[in-house]
Amino acid sequence: MSIRLVEETTPSQRRGSSPVQPRFDLTLSENPFPPLPSVLRAVNSVLAQANRYPEFLPRRLPKLIAHHLGLHSDQVVVGSGATGVAMQIIQSLMRPGAGMVYATPTFDGYPIMAEMAGVEVVPVPLDSAGNQDLWAMTRAIDKRTGLVVVCRPHNPTGTVVSASELKAFLGAVPARVPVILDEAYVEFLGAAEYIDPLALLSKHPNLLVLRTFSKAYGLAGLRIGYAFGRPEMMARVRRLQLPFGVSSAAVAAVSASYAAEPELAMRTMRITAARESLRNALRRCGIAVPLSHANFLYLPGPGVATALRRAGIAAKAYPDGSARISVGDPEADHAVLQALETLR
Ligand code: PMP
């Protein structure tokens, strides 16, 4: 299998200028399910007090998350989605002009945040199978490097670097360089691919694990994300915590979501099962879709993004004609297949 990957587009390119509303919007790797009734009830009850400020600096949410993960509160920093926390990490740990090493293409947010923070980007191309090339990333690290980002699973391909590769990579990164392990889609990993982040943290004080409630928990609109790591590292990141920056709804939503883990896990299973059957069907049509461990599929072009758009399906489009689609809505999955069946 050989897929050609190129730089991601900017958000304005992504949104496009078409005045026609698409039938399906699969651009943002969202969860197709609306919030669970129990989560909605919890959020609603807090909204009745929306005239009140939330905590000045969030304490309850880090405590809740830390308890759930078996960490201490001082190891967790929360923010406005994983994006908000990543921005906080960049601003607190990097000096302007320092280099940020990541695989490309990647989550659009990284180059955007780098530009906002005035740091240099050091994009390292994925290999031909859509994997992050960890060796090339190691070689890209120099004395100016201020941050390295590894996504597991990777966006946009959904691929996963193996545990042994990741461990070797972390061992090769100089201890003074912080590493973000972006686990935005970690809940979609199978048991065989899961790595215990606590074991990694015990060996690597420079590691920060980034997670979100936007994907498997289906709460993208509430903007809740967090990072965890060693207390000393997290104290540096916490220094830039925005006062009143996390809404009161976040604590209620997270607490209700943790109480509903089995229901949420069922949804995750449905999404991953739908992803597999769509991938198999698309591969039968001749599209070399890489094995994905997330809630999206990368569909290598050319012509894929155009065919989808013509069928009223908005996808994340890449300059070479490839596309990334979120999966799990049966109607949308069916429409994708219909749109691409005759492409090859
Ligand atoms: N990391 C990755 C790899 C992502 O794909 C995304 C969102 N698409 C994020 C972080 C940010 O997610 P959020 O800000 O919604 O938590």
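Residues numbered from 1 in each chain as written. Predicted model: local features only at pLDDT ≥ 70, side-chain atom pairs only at ≥ 80, totals over all residues. Heavy atoms only, no water.

(A) Seen up close, the domain arrangement of the chain. Here the chain is partitioned into domain 1 (3-36 + 261-340) and domain 2 (43-259). Listed per partner, the contact involves 30 residues of domain 1 and 34 residues of domain 2. In total, about 2300 Å² of surface goes out of reach between domain 1 and domain 2, with carbon and sulfur atoms giving 55% of it. At the boundary of domain 1 and domain 2, one finds one salt bridge. Note that Lys316 is salt-bridged to Asp108, the shortest N-O span being 2.8 Å. Run the count over domain 1 and domain 2 and you get twelve residue pairs in polar contact (both at pLDDT 80 or more). Put simply, the parts of the chain that give the side of domain 1 that touches domain 2 at least two residues each are α1 (11-15), α11 (261-284) and β9 (296-299). Sort the elements by how many residues they give to the side of domain 1 that touches domain 2 and α11 lands first, with seven residues. (Domains from an automatic or database assignment. Contact = heavy atoms within 4.5 Å. Buried area = accessible area lost by both parts, 1.4 Å probe. Salt bridge = Lys/Arg side-chain N within 4 Å of Asp/Glu carboxyl O. Polar contact = N/O pair within 3.5 Å; in protein donor to acceptor, adjacent residues only side chain to side chain. Helix = DSSP H or I, 4+ residues; strand = E, 2+ residues; numbered from the N terminus.)

(B) Focus on the sheet that holds strand β6 (residues 179-182). Read from one edge to the other, the open sheet built from seven strands follows the order β2-β8-β7-β6-β5-β3-β4, with strand pairing classed as mixed. Strand pairing shows two members of the sheet lacking a second neighbour, β2 (76-79) and β4 (120-125), which therefore form its edges. Each strand of the sheet is rotated relative to its neighbour by a mean of 25 degrees, with strand direction disregarded. Inspection of the sheet shows β6 paired to strand β7 (residues 207-212) by four bridges, in the parallel sense. Bridged to Ile180 within β7 is Leu208. In the packing of helix α3 (residues 60-69) onto the sheet, the strands contacted are β2, β7 and β8 (225-229), and the crossing angle to β2 comes to about 130 degrees. (Pairing = 2+ DSSP bridges. Axes fitted to C-alpha atoms, helices over the stretch in contact; angles between N-to-C directions.)

(C) Region of interest: the packing of aromatic side chains. For the coordinates displayed, the defined rule picks out ten aromatic pairs. Centre to centre, the rings of Tyr53 and Phe244 are 4.5 Å apart; their planes meet at 35 degrees, and the pair counts as tilted. Of this pair, Tyr53 sits in the loop between α2 (37-47) and α3 while Phe244 sits in the loop between α9 (231-238) and α10 (248-259), and the two are 191 residues apart along the sequence. Ring-pair connections join several aromatic residues into one group, and the members of that group are Phe213, Tyr217, Tyr226, Phe228 and Tyr258. Note that Lys316 overlies the ring of Tyr318, its terminal NZ or CZ placed 5.4 Å from the centroid. Above the ring of Phe296, the side-chain terminus of Arg324 is found at 5.7 Å from the ring centroid. (Phe/Tyr/Trp six-rings, centres within 6.5 Å; stacked < 30°, edge-to-face > 60°. Lys NZ or Arg CZ within 6 Å of the ring centre and 35° of its normal.)

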